Amino acid sequence: MLKDIPELIPARMLNEFTYCPRLCYIEWVQGEFLDSADTVDGRFQHRRIDRSSDEVAEASDAFHARSVNLAGAGITCRIDLLESDGDRAIPVDYKRGVAPDIPEGAYEPERVQLCAQCLVLRENGFVCDEGIIYFVKSKRRVPIQFDDALVNRTKELISELRVVASQGDMPPPLEHSPKCFRCSLAGICLPDEITLLKEMEADDDKVHGVEGALSDYDKEPGDRPAKTGVRRLLPSRDDSIPVYVTGHGNTVRKREDRLQIYSKENKLIEVKLREISQLSLYGGVEITTPAMVELMQRGIPVIHFTHGGWFQGICLGTTHKNVELRMRQFEYAMNPQKAIKIARKIVAGKIKNCRTLLRRNDPEPSKDSLDLMAKLSREAEKAKSSASLLGIEGAAAEAYFSRFENMLKAEKIGFSFRNRNKRPPKDPVNAVLSYLYGILTKELFVILLAVGFDPYLGFYHRPRYGRPALALDMMEEFRPLIADSAAITLFNNGEVTKRDFIKTGLGISLTAKGKKSVIEGYERRIKTEITHPIFSYKVSYRRILEVQARLLARVISGEIKEYPSFCTR
């Protein structure tokens with residue numbers, strides 16, 4: 001997949017490429033970026049440079065120009081500070097950290113970035129033989145000489161970056177590098193996770209052939225080999241919060257840096273915009289244009305649901321820039337042989353997790369049902385078509401839901417469950433399940449958009465107008481672990497009662513109070529931190545959803561061979 005690369009490479013991307021080619025590819029070619037404390041502080045330091053004098057400017061009698069934008073020699077750059085006495089120019093680059101105690105005075109990425117500025121200045125007619133890196137925390141100027149070795153190395157890296165970016169193949173991750181710890185994109189890159197999965201696939205290829213990689217993780221938990229060496233480089237949970245607004249007639253407004261939620265009578269609550277991850281509106285909730293525009297500019301999705309919790313659509317700012325991933329997704333989805341490989345893993349993972357939930361919560365688990373589901377999960381791994389997978393999944397669902405009532409304390413809670421029904425649900429248990437499935441679909445829809453996928457094109461669920469097929473695909477393995485588990489807890493703990501349901505037409509619906517209880521139960525479950533069965537670090541379910549979506553992207557890109565479905569221990 002050859003790409004058209006812009007004529008001018010940003011000097012900062014050359015810095016990133018020297019530091020880590022994979023980081024540069026993700027940030028520049030695929031358009032992904034996340035802030036860290038370092039990047040935020042770095043922007044703060046540069047704002048100081050742009051608006052005020054400091055000791056770097058006072059240290060020389062030369063002419064000073066700040067934030068100089070120049071292009072040439074295939075590079076575009078913004079020079080933080082340019083000291084010039086006419087034909088001779090000295091670029092000064094600000095770095096937020098401490099000057100390293102090494103003979104070169106600065107690490108190679110910083111020296112290469114500064115040398116790229118030198119090439120641009122020379123292209124524009126200046127004499128430029130040296131530059132300066134100013135380390136803010138050390139308050140120290142470090143001179144860098146642009147000798148032939150550094151100039152040749154810089155030109156070589158410019159050529160390499162062009163080749164890597166144009167080929168359309170993401171560079172491999174750094175292996176166990178200390179650089180990954182402070183990288184803001186570690187949660188997108190997943191260096192240790194990808195390295196481990198590739199090692200597992202290589203080991204499995206030697207023993208079993210190409211098909212069946214990760215087969216060790218199809219065994220019972222106690223039979224799985226221990227895997228070590230995966231560092232948790234991503235946060236265990238997301239501290240920003242989703243906001244849910246239910247109740248006909250409620251209105252969402254913006255005031256300064258906060259969202260305010262009003263009923264017809266008065267203000268109900270307000271939330272800081274920087275603390276919001278997404279906004280979900282149910283039924284007749286309104287939102288003002290200033291509030292919508294602010295959320296779009298901040299990249300915060302606004303999700304719309306019906307009164308009954310059915311996902312209707314999403315409002316978001318500019319879409320993800322990773323066109324490469326969507327091109328590969330369409331190619332994969334249109335190829336039945338490729339699509340079925342992912343679909344098999346999804347369905348097999350769902351069946352295994354349903355079986356695990358029964359083993360945990362059914363007081364008298366049926367051996368016949370457990371054996372059948374184990375058999376069906378193995379058959380799903382070998383299914384040759386989507387039609388056969390649908391039949392396998394249907395048989396597994398029948399076995400699973402035939403035992404679902406046993407996981408509910410029916411005598412204590414006064415609710416019964418006979419079978420799974422929907423559109424509309426005809427009993428309280430199915431009403432709660434449908435509502436939870438709608439929330440989970442929304443969760444995956446937002447995550448898939450953030451990763452760069454088209455949520456409407458799946459590999460198992462086929463395209464249909466208005467159906468988020470890929471979100472439904474990704475939801476399958478998490479239905480029992482998140483939605484079903486939350487429903488069981490809500491009923492068994494008495495968090496929903498008969499007063500939380502009303503009969504509407506042919507079905508049963510939740511009251512406003514009941515919806516609030518269900519949302520609270522869902523949020524409690526998805527924030528739960530568990531140990532990842534493959535990577536062995538502890539993260540929340542919400543974070544795991546993102547990791548799984550990014551691993552699916554790595555399958556689509558060809559970096560790993562098989563999608564590793566998430567099967568809890």
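Residues numbered from 1 in each chain as written. Predicted model: local features only at pLDDT ≥ 70, side-chain atom pairs only at ≥ 80, totals over all residues. Heavy atoms only, no water.

### Structural notes on the overall build of the chain
In terms of helices and strands, the chain carries 19 helices and 18 strands. Taking all 569 residues of the chain together, 54% fall into the buried category. The contacts of the chain with a sequence gap of at least 6 include a subset with a gap of at least 24, amounting to 65%. Of the roughly 26100 Å² of accessible surface on the chain, a fraction of 51% belongs to carbon and sulfur atoms. (Helix = DSSP H or I, 4+ residues; strand = E, 2+ residues; numbered from the N terminus. Buried < 20%, exposed > 50% of the residue type's maximum accessible area, 1.4 Å probe, protein only. Contact = heavy atoms within 4.5 Å. Areas by Shrake-Rupley, 256 points an atom, 1.4 Å probe, with all protein chains shown as cover.)

### A look at the sheet that holds strand S12 (residues 286-287)
Taken together, the four strands give an open sheet; going across it, the order is S10-S9-S8-S12, and neighbouring strands pair in mixed fashion. Both outer strands of the open sheet, strand S10 (267-272) and S12, are each paired with one neighbouring strand and no more. In terms of strand pairing, strand S9 (residues 258-262) meets S10 through five bridges, oriented antiparallel. Directly across from tyrosine 262, in S10, lies its bridge partner lysine 267. In the packing of helix H9 (residues 289-297) onto the sheet, the strands contacted are strand S8 (251-255), S9 and S12, and the crossing angle to S8 comes to about 70°. (Pairing = 2+ DSSP bridges. Axes fitted to C-alpha atoms, helices over the stretch in contact; angles between N-to-C directions.)

### Concerning unusual backbone geometry
Of note, serine 67 is a non-glycine position whose phi angle comes to about 50°, a positive value. If you trace the backbone, serine 67 turns up in strand S2 (residues 63-72). Judged by relative accessible area, serine 67 falls into the partly exposed class, the value being 22%.

### Examining the packing of aromatic side chains
Applying the stated rule across the entire model yields 13 aromatic pairs. Relative to phenylalanine 566, the ring of phenylalanine 478 has its centre 5.7 Å away and its plane inclined at 20°; by these criteria the two rings are stacked. Residue phenylalanine 478 is located in the loop between helix H16 (469-475) and helix H17 (479-492), and its partner phenylalanine 566 is located in the segment after helix H19 (541-556); the two are separated by 88 residues in the primary sequence. The class of phenylalanine 478 is buried, set by a relative accessible area of 0%. A ring pair is formed by tyrosine 541 and phenylalanine 566, whose centres lie 6.4 Å apart and whose planes are at 75°; its orientation type is edge-to-face. You can see tyrosine 541 sitting in helix H19 and its partner phenylalanine 566 sitting in the segment after H19, a full 25 residues away along the chain. Take tyrosine 541: its relative accessible area is 1%, and that puts it in the buried class. One aromatic cluster is present, formed by Tyr244, Tyr282, Phe305 and Tyr435 through successive ring pairs. The lysine or arginine in question, arginine 231, covers the ring of phenylalanine 181, its NZ or CZ lying 4.8 Å from the ring centre. (Phe/Tyr/Trp six-rings, centres within 6.5 Å; stacked < 30°, edge-to-face > 60°. Lys NZ or Arg CZ within 6 Å of the ring centre and 35° of its normal.)

### Side note on the sheet that holds strand S11 (residues 276-282)
Read from one edge of the open sheet, four strands run S7-S11-S13-S14, paired in mixed fashion. Sheet topology places strand S7 (241-245) and strand S14 (311-315) at the edges, where each strand pairs with a single neighbour. The sheet shows a mean angle of 20° between the axes of neighbouring strands, direction not considered. Bridge analysis of strand S13 (residues 302-305) against S14 gives four bridges, and the strand direction is antiparallel. In the strand pairing of S14, phenylalanine 305 is matched with phenylalanine 311.

### Topic: empty space enclosed by the protein
For the structure on display, the rule yields five cavities of 30 Å³ or more. Approximately 100 Å³ is the volume attributed to the second largest cavity. Mapped by element, the contributors of at least two residues to the lining of the second largest cavity are helix H2 (21-29) and helix H7 (186-189). In terms of residues, the lining of the second largest cavity owes the most to one element, H2, which gives three residues. (1 Å grid on protein atoms, 1.4 Å probe; cavity = no way out; pocket = protein on both sides within 12 Å on 5 of 7 lines; lining within 4 Å. Points joined across faces, edges and corners; volume = space filled by probe spheres on them.)

From the geometry alone we can't say anything about function, so treat these as descriptive.
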